[in-house]
Every structure is written in structure tokens, then in C-alpha cells.
Amino acid sequence: MGRGAGIGAIMSAIIAFAVGVTVMFSLLLGDNPALFGDLPDADELARRFALPADVLLRLVVIVVALSIVIGIANLLFVHVSRLTSGKFYSAVLLASFGFTIYWYVTRQGDTSLLEAVQLPIESALAALLFLSLALGGARVMGKRRDIWGLLFVAVVVVVLLASLPLAELAPLRAWSDWLMRVPVSAGARAMLLGIALGMVVAGVRALLGQDRAFRG
Amino acid sequence: MDKTTLQAVSALFVLATVALIYVARYVHARRRTQRQIAGLRAISGWAEQAIESNRPLHLAFGSAGIGEDNTASALAGAEFFHHVIGRAGAGDAAPIVSSSSATTVPLAQDTLRRGWQSGGTLTRTQWFPQGRRSIGYAAAVSGVIESERPSAHIFAGSFGPELALMLDSADRRGQGSLAVSDQLPGQAVAYAMADGVLIGEELFAAAGYVVAEGRTPADARVMDFWRALLIAGMTAALLLEAAGQLPWLSWPAVAVSGLILSGLGLLVYRRR
């Protein structure tokens, strides 16, 4: 790592740490006047503490909104560069991009092109998604030849059968309801708890300026 | 719990995590032992295959984006991808990094630039607007799977059911796949269809398992510690509740059950 990159990494880490700690304490102290006890201007103090987080989070919203420009620039750059290697679909994408902008500008914000082309294509793909999911379910036993794979398939079969409107399958509905209410709900909560713990550790790493994005 | 207490507990939790991270780094420098995560074993093979076959790896963030609810997923994915890119660094074909969140584009480009020393990465970060239900992103990635013929795919970030389209495309072309999502529908699809799967929080620990050195493996242990503490707390609460409900259940029985459950948990943890 060069000297310039090293200084840049240190600066990034310092800025990340300063902003992270400021936002954290601003959110903690600014949102609760009770923390200032019986002070006569507790509300005003809480409001002042809340200000840094408010300003910084507004900045985030602006930056996030601007990032769409980066995305579009990336899309155009990638596909223009692919044109040189004769990629037909890139030419179609660029032509569609230009035509859609021309249509939108000349027709004063008319979105009928989006509704007539984009939505039917997405709906068709959504239908295809159903087939992919069904196929994926059928392939589970090929990929996971163990007790958990078998259990996965058994649960899927029970839930699917129970959702059929047949009187003969009524007893299965109680099983299906129990499966969804108890083991599925418990598993989902356990996974969400794990993800939340992971997010805390990742957040603290970012707060300490030790995430890869800040290390240069 | 009132608001002030909740805030104090939150602050303490964050400070305890900071302290644990430094303790884990100190301990890890002396004892480099980690539990095994089965889903990550294939990565070395895929990196070697990418180098030998001169085909890129495809790394996908999905809809994980900076400044959104799943910022941590995007950062964890970037850390993970950085180490994976380093493993395939001797090859000629730069990895492709895709995302459907525009805010992830700079992060993805930066990850690629740092990890891939040979340069030529500017067109390898690809943003596909996701549209409704991310179907547009899935369709575009399926196109990449067809045109670029990656050697393998790692989907680590935020995905919904649309992951099925991408995994199906990869599977039909015989390309390996590893998937993990912070969304439950995407996680279910990953379990059913991917060759390798990480479960939930393993996304945040994955980087620590690709690289043996440095701070990342130690940070993964902090998550394991919190999780173990959470399991122990929940088990204790469950047993105490049961003890209150069932008069015949004595305190020694609760203690013995707790010990047995902790032992079983430790055994499962060591075996993984």
C-alpha cells in the first residue's frame, strides 16, 4: 500500500468512526428527554442532541438518491463497452434506453411504454419463477441426500397437499397449520435473530472503521 | 422495559460487542481454531477452476444496498467477496460482481479494484435495475450466466424467491453455486437449489472462513459467542418457565437438564 493510500485509509477510518459514534450517541440521547432528568430545558437539549443524526441521515438520503445516477452510468458504460465485442443484447438495451427517454420526454411523462412492455414481461418471468421453484423443490433430494433434505421435501408436500381444496385432505390442514405456526415460525425467528446478531457485529466493525471499505 | 432502559441496554450491548471483538482478536492470535461451515468448502475448488478454465467467478449482492435496511449484509458480502476475489487472483478473467441496488455499485467496484490486482475491472461491476420483485435483476443475471459462462456463482446478500431463476440457470449449465440471503424466502430457495448454502448469520462470518489470517476470523467468533449466550439464555428461560408451570419439576432437575442441553449444544457446535 502506498503512502497516499495509507493516509486515505486512515482518514476514511477516522471519518467513519466520527460519523458512526456521532450518529449513535445522537440517536441515543436526542430521542429521549427523560435522560436529562429535571433540567428545565430538557426538551431543547434533546432536540439539540438529535440534530447531528438528523442532518447526517438526511445527507444519506440525498446520497442514496444520487446513487441512481452512478447506477445508470455503470449500466451505460458496461453495455457501450460490450458493443465493441458485438453483443447484440447490449445494442438492444442501449436503443431501448434512448427510446424510452425520448418517449418519456416528448409525451410529458407518459408511462404507457413501461406498462405495455415492462409489466407483461415481468409477469411472464414471475410465472416462470413458479416453475423454477417447483423444479427446485423436486431437485432437493438430488442435492441433499440426508435426513434434512427428506424432511424439507416432506414438509413441502404436506403444506402443498393441505392447500388443495379437497375434503379428503382436511386432516392434513391441521398438520400444515401446526407446521407453519410452530416449527416454521420458530426456525424463521431463530434465523432472524442470527442475522440480527451478524448485523450488530458488522455494524460495530463499520463503526470502528475496520471494515474493508474503510481500510484502503 | 421503558425507553431509557432500552437505550442503556442497547448502548451496553454495542460497547460489549466492541470489547469482545478486541478480546477475540487477542485470543485468536494465540489459538486459531474455528468451527467448520460445510457450504464454504467448495470455494477453493471454484477459485482454482476459474483460474484454470479462464472463466470468471460471478459474485452477486442481490438487492443489498448501502443506506438501506440491509447495509450490514452489503458490507459483509463485500468483505466475503474481497477474500474470494483474492483466491482467484492468479487468473486472467476478472470476476463479475452484480447488484440490483445502485448504492452498492461503488462498494462493488471498490471491492473488485482492491481484490483484483490485474486491473480492467471497470466493466466487471454490473448494475441491473431490479424492477418489481427483483425479477428484472434475476433475468439480467440469467443473461450473464449464458453470455459470460462463469465457472461458479456466489450469491451473498439480499435475495427473494427470484433467486430460483438464477440458480436454475446456473444449474442447467453445470455451474456451481453458493447462496445465502438475509431474506427468509431467498434463504429457503438457496437451501433447496444451491450446491452450497450458508444459513442466515453465516453470511456475516463467511469472510472469516475464506481467509485464515487477520482480524476477520476473530470477528466471526464474536458472533458465535453472542449466539451461544442467546441460546443459553433462551434455554434457561424455557426451563424456568417449565419449572414454574410444572410443580413436580425440581431445581436440580432444571440444572441437570440445562447442563445436558448445553453439553449437546457444545457437541453439535464442535462437530460443525
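This one's a predicted model, so the numbers in the text were calculated from it and none came from an experiment.

S.K.: An account of the overall build of chain B is needed here, citing residue identities and associated values.
M.R.: A count of helical and extended segments in chain B gives eleven helices and six strands. Relative to its full complement of 272 residues, chain B shows a buried share of 54%. Pairs at least 24 apart in sequence give 71% of the contacts found in chain B among residues at least 6 apart. As presented, chain B carries roughly 11800 Å² of accessible surface, and 62% of it is formed by carbon and sulfur atoms.

S.K.: Describe in detail the overall build of chain A, supporting the description with residues and values.
M.R.: A count of helical and extended segments in chain A gives seven helices and zero strands. Overall, chain A shows an N-to-C arrangement of helices and strands of α-α-α-α-α-α-α. The C-alpha atoms of chain A give a radius of gyration of 27 Å, which is well past the 17 Å a tight globule of 216 residues would have. The dimensions of chain A, computed from C-alpha atoms along their principal axes, are 70 × 55 × 45 Å. For chain A, the residues scored as buried account for 25% of the 216 residues in total. When contacts within chain A are restricted to residue pairs at least 6 apart in sequence, those whose partners lie at least 24 apart make up 33%. For chain A, the computed accessible surface area is about 13800 Å², with 74% contributed by carbon and sulfur atoms.

S.K.: Can you explain the side chain of Gln109(B)? Please cite residues and give values.
M.R.: Residues and elements named next belong to chain B. Within the secondary structure, Gln109 sits in helix H4 (residues 104–115). Relative accessible area serves as the criterion here: at 17%, Gln109 is assigned to the buried category. A polar side-chain atom of Gln109 sits 2.7 Å from a polar atom in the side chain of Thr125. The residues touching Gln109, leaving out its near neighbours within four places in the chain, are Thr121, Leu122 and Thr125.

S.K.: I'd like a description of unusual backbone geometry, backed by residues and values.
M.R.: Residue and element names in this part refer to chain B. Phi angles above zero are rare outside glycine, and Asn54 is one such case at about 55 degrees. As for its placement among the helices and strands, Asn54 is situated in the loop between helix H2 (42–53) and strand E1 (57–62). Judged by relative accessible area, which is 44%, Asn54 ranks as partly exposed. Positive phi outside glycine occurs at Arg149, with the angle close to 45 degrees. Judged by its relative accessible area of 41%, Arg149 is partly exposed.

S.K.: Tell me about a nonpolar patch on the surface, and name the residues and values.
M.R.: Judged by side-chain polarity, Leu51(A), Val55(A), Leu59(A), Ile62(A), Leu66(A), Ile68(A), Val69(A) and Ile72(A) come together as a nonpolar surface patch covering roughly 690 Å² of accessible area. Along the polypeptide, Leu66(A) turns up in helix H2 (residues 42–83).

S.K.: Explain the interface of chain A and chain B residue by residue, including any values.
M.R.: Counting residues at the interface gives 61 residues for chain A and 76 residues for chain B. Of the roughly 5800 Å² buried between chain A and chain B on both sides combined, carbon and sulfur atoms contribute 67%. Run the count over chain A and chain B and you get one salt bridge. A salt bridge links Glu79(B) to Arg205(A), with the nearest nitrogen and oxygen atoms 3.3 Å apart. For the pair chain A and chain B, the number of links is four residue pairs in polar contact (both at pLDDT 80 or more). For the side of chain A that touches chain B, the secondary-structure elements that each account for two or more residues are helix H1 (3–30), H2, helix H4 (112–143), helix H5 (147–162), helix H6 (170–207) and helix H7 (212–215) of chain A.

S.K.: Please provide a residue-by-residue account of the pattern of salt bridges, values included.
M.R.: Under the definition given, this model contains twelve salt bridges over all chains. Among the salt bridges present, the one from Arg48(A) reaches Glu44(A), with a minimum N-O distance of 3.3 Å. Of this pair, Arg48(A) and Glu44(A) both sit in helix H2, four residues apart, which is roughly one turn of the helix. A relative accessible area of 57% means that Arg48(A) is categorised as exposed. The class for Glu44(A) is partly exposed, based on a relative accessible area of 30%. A salt bridge links Asp224(B) to Arg227(B); the shortest N-O distance between them is 2.7 Å. Of this pair, Asp224(B) and Arg227(B) both sit in helix H10 (residues 216–245), three residues apart, roughly one helical turn. A single burial state applies to Asp224(B) and to Arg227(B), both of which are buried. In this structure, a network of salt bridges that share partners links the residues Glu44(A), Arg47(A) and Arg48(A).

S.K.: Got a sec to walk through the packing of H4(A) against helix H7 (residues 184–193) of chain B? Specific residues and values, please.
M.R.: To describe two helices that pack against each other, one gives the angle between their axes and the distance between the axes. Look at H4(A) against H7(B): their axes get within 7 Å of each other, and the N-to-C directions meet at 50 degrees. What the angle tells us is that H4(A) and H7(B) run oblique. Across the interface between the two elements, Ser132(A), Leu133(A), Gly136(A), Val140(A) and Lys143(A) of H4(A) pack against Val189(B), Ala192(B) and Met193(B) of H7(B). Classifying every residue of the contact of H4(A) with H7(B) by side-chain character gives five nonpolar, two polar and one charged.

S.K.: Kindly report on the packing of H4(A) against H5(A), identifying the contributing residues and their values.
M.R.: Residue and element names in this part refer to chain A. Their axes nearest at 8 Å, the elements H4 and H5 cross at an angle of 155 degrees. Considering their axes alone, H4 and H5 lie roughly antiparallel with respect to each other. As for how H4 packs across H5, the hand of that crossing is left-handed. Only Gly149, Leu150, Phe152 and Val153 of H5 make contact with H4, whose side of the interface consists of Gly137, Val140 and Met141. Residue classes in the contact of H4 with H5 are distributed as five nonpolar, two polar and no charged.

S.K.: Give a description of the domain arrangement of chain B that names residues and reports values.
M.R.: All names here are of chain B. Entries for chain B in the domain assignment read domain 1 (11–33 + 216–271) and domain 2 (38–205). Computed over C-alpha atoms, the centres of domain 1 and domain 2 are 32 Å apart. Listed per partner, the contact involves four residues of domain 1 and five residues of domain 2. Per-residue buried area on domain 1 facing domain 2 is highest for Thr216, Met223 and Arg227; these three make up 85% of the total on that side. The residue Arg227 makes a salt bridge to Glu201 at a minimum N-O spacing of 1.8 Å. Applying the counting criterion to the domain 1 and domain 2 interface returns one residue pair in polar contact (both at pLDDT 80 or more). Looking at the side of domain 1 that touches domain 2, its residues break down into two nonpolar, one polar and one charged.

Rules used throughout
Each chain carries its own residue numbering, running from 1 in the direction its sequence is written. Lettering for chains starts from A, numbering for ligands starts from 1, and both go in the order in which the items are written. Confidence filtering applies because this is a predicted model: local features only for residues at pLDDT of at least 70, side-chain atom pairs given and counted only at 80 or more, and all residues used for totals across whole chains, interfaces and linings. In computing side-chain properties, one takes all heavy atoms of the structure into account and sets aside hydrogens as well as water. Only DSSP runs of H or I reaching four residues or more are called helices, and only runs of E reaching two or more are called strands; each is numbered from the N terminus. For every residue, the accessible area obtained with a 1.4 Å probe (protein chains only) is divided by the maximum for its type, and the residue is called buried under 20%, exposed over 50%, and partly exposed between those limits. Throughout, a residue-residue contact means that at least one pair of heavy atoms, one from each residue, lies within 4.5 Å. With residues, only the protein chains shown are counted as cover, and all accessible areas are computed by Shrake-Rupley using a 1.4 Å probe. The size measure is the radius of gyration over C-alpha atoms, and the globule rule it meets is 2.2 Å times the number of residues to the 0.38 power. Polar contact is defined as a pair of N or O atoms within 3.5 Å, subject to the rule that within protein one atom must be able to donate a hydrogen and the other to accept it, and that residues adjacent in sequence are counted only when both atoms are side-chain atoms. Patch membership requires more than 30% relative accessible area and the absence of a salt bridge. Residues of like charge join within 9 Å; the nonpolar side chains Val, Leu, Ile, Met, Phe, Trp and Tyr join within 5 Å. Salt bridges are defined as contacts in which a side-chain nitrogen from Lys or Arg sits within 4 Å of a carboxyl oxygen from Asp or Glu. Accessible area that two parts lose when put together, with a 1.4 Å probe and added across both, is what the buried area reports. Interaxial angles span 0 to 180 degrees and are taken between N-to-C directions of axes, which are lines fitted to C-alpha atoms, for helices over the stretch in contact. Roughly parallel here means an angle under 35 degrees, roughly antiparallel means over 145, roughly perpendicular means 65 to 115, and every remaining angle is called oblique. For this classification, Asp, Glu, Lys and Arg are treated as charged, while Ala, Val, Leu, Ile, Met, Phe, Trp, Tyr, Cys and Pro are nonpolar and the rest, including Gly, are polar. For any pair of crossing helices, the crossing counts as left-handed if the nearer helix is rotated counterclockwise from the farther one by less than a right angle, and right-handed if it is rotated clockwise. Where each domain begins and ends follows an automated or database-derived domain assignment.

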